[in-house]
Amino acid sequence: MLLFYFMIFVILLVAIVLTGVVLLQSGKGGGLAGIAAGGQTQQILGARQAPDFLEKTTWVLGVALMVLCVITTMFTGTDDQTTVITDEGVEATPAPLDTAPPSDALPLEPAPAQE
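Counting of residues starts from 1 at the beginning of each chain's written sequence and follows it residue by residue. Where local features are concerned, this predicted model is filtered to residues with pLDDT of at least 70; where side-chain atom pairs are given and counted, the filter is 80 or more; whole-chain, interface and lining totals use all residues. Hydrogens and waters are ignored; side-chain quantities use all the structure's heavy atoms.

Enquirer: How should I be thinking about the overall build of the chain in this particular structure?
Expert: Helical segments are the DSSP runs of H or I of at least four residues, strand segments are the runs of E of at least two, and each set is numbered from the N terminus. A count of helices and strands for the chain gives three helices and zero strands. A sequence separation of at least 24 residues applies to 73% of the contacts in the chain between residues at least 6 apart. A 1.4 Å probe and the Shrake-Rupley method give the accessible areas. Residues count as covered only by the protein chains that appear here. When the accessible surface of the chain is split by element, carbon and sulfur atoms take 67% of a total near 10100 Å². Here, two residues are considered to be in contact whenever any of their heavy atoms come within 4.5 Å of each other.

Enquirer: Whenever I open this one, the packing of aromatic side chains confuses me. Can you help?
Expert: How two aromatic rings sit relative to each other is given by the distance of their centres and the angle of their planes. Centres within 6.5 Å make a pair out of two Phe, Tyr or Trp rings, where for Trp the six-membered ring is used; the pair is then stacked when the planes are under 30 degrees apart, edge-to-face when over 60, and tilted otherwise. Counted under the stated rule, the structure contains one aromatic pair. Residues Phe4 and Tyr5 carry aromatic rings whose centres are separated by 5.7 Å and whose planes lie at 65° to one another, so their mutual orientation is edge-to-face.

Enquirer: It is not clear to me how the environment of Ser26 should be interpreted in this structure. Could you clarify?
Expert: Along the chain, the position of Ser26 falls in the loop between helix 1 (2-24) and helix 2 (41-45). Partly exposed describes any residue whose relative accessible area lies between the buried limit of under 20% and the exposed limit of over 50%, with all areas from a 1.4 Å probe on protein chains only and scaled to the type maximum. Residue classification places Ser26 among the partly exposed positions, given a relative accessible area of 40%. Along the sequence, Ser26 and Leu54 sit 28 residues apart, while their C-alpha atoms lie 9.3 Å from each other.

Enquirer: Would you explain the side chain of Thr72 in this entry?
Expert: Within the element layout of this structure, Thr72 appears in helix 3 (residues 49-72). Under this definition, polar contacts are N or O atom pairs within 3.5 Å; protein pairs additionally need one hydrogen-donor-capable and one acceptor-capable atom, and for neighbouring residues in sequence, both atoms have to be side-chain atoms. At 2.6 Å, the side chain of Thr72 forms a polar contact with the backbone oxygen of Leu68. When neighbours within four sequence positions are excluded, Thr72 is seen to be in contact with Phe4, Met7, Ile8 and Ile11.

Enquirer: What's the story with the confidence of the model for the chain in this structure? I'm lost.
Expert: Caution is warranted with low-pLDDT regions, since their predicted coordinates should not be read in detail. Per-residue confidence for the chain gives a mean pLDDT of 74; residues scoring 70 or more make up 50%. In the model of the chain, helix 2 stands out as the element of lowest mean pLDDT, 49, in contrast to helix 1, which has the highest, 93. pLDDT measures the predictor's confidence residue by residue and takes values from 0 up to 100.

Enquirer: Would you explain the environment of Ile8 in this entry?
Expert: Relative to the elements of secondary structure, Ile8 occurs in helix 1. On the basis of relative accessible area, Ile8 is assigned to the partly exposed category, the value being 38%. In this structure the C-alpha to C-alpha distance between Ile8 and Thr72, which are 64 residues apart in sequence, comes to 7.5 Å.

Enquirer: Is there a simple way to explain the side chain of Thr58 in this structure?
Expert: Checked against the element boundaries, Thr58 lands in helix 3. Excluding residues within four positions of it along the chain, Thr58 makes contact with Leu18, Val21, Val22 and Gln25.

Enquirer: Is there a simple way to explain the environment of Asp52 in this structure?
Expert: Residue position: Asp52 is located in helix 3. Measuring from C-alpha to C-alpha, the distance between Asp52 and Gln25 comes to 9.5 Å, with 27 residues separating the pair along the chain.

Enquirer: Just checking my understanding: could you explain helix 1 for this structure?
Expert: Note that an α-helix has 3.6 residues per turn; residues three or four places apart therefore point the same way. The terminal C-alpha atoms of helix 1 lie 34 Å apart, and with 23 residues this matches the ideal 33 Å at 1.5 Å per residue to within 8%. Within helix 1, burial applies to Phe4, Met7, Ile11, Val14, Leu18 and Val21. To estimate how far a helix should reach, multiply one less than its number of residues by 1.5 Å.

Enquirer: Can you help me understand a nonpolar patch on the surface in this one?
Expert: A contiguous nonpolar patch, built from Leu3, Phe6, Phe9, Leu13, Trp59, Val63, Met66, Val67, Ile71, Met74 and Phe75 and spanning about 1100 Å² of accessible area, is present on the exposed surface. Among the secondary structure elements, those contributing two or more residues to the nonpolar patch are helix 1 and helix 3. Among the elements that make up the nonpolar patch, the one with the highest residue count is helix 3 (five residues). Only residues whose relative accessible area exceeds 30% and that form no salt bridge are eligible for patches; like-charged ones are grouped when within 9 Å, while nonpolar side chains (Val, Leu, Ile, Met, Phe, Trp, Tyr) are grouped when within 5 Å. Just to be clear on terms, a salt bridge is a Lys or Arg side-chain nitrogen sitting within 4 Å of an Asp or Glu carboxyl oxygen.

Right under this line is the structure:
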């Protein structure tokens, strides 16, 4: 169970980093890539190297997130848990119909008219 919580923590970290990398990418409107390092990204890494790096990082983190999610399903506990799919032979029996009114039921006669 401890390994399950560790995997959830790693997935959370990868998701946060992936969110940051996606926000740093420049889209049609420029994005936040120009804000990183005060707009120095293009000058330091070259005109095309920064978007390539961010794109590759996005792909790697996206694939890592999917793989971690699939692997984490292996660590979910199956400690006597039943689901609708695995229930076999369990049928619901209808409750018996009680046609007699309960003893403390109100009478069905109308109230006497007051004059």
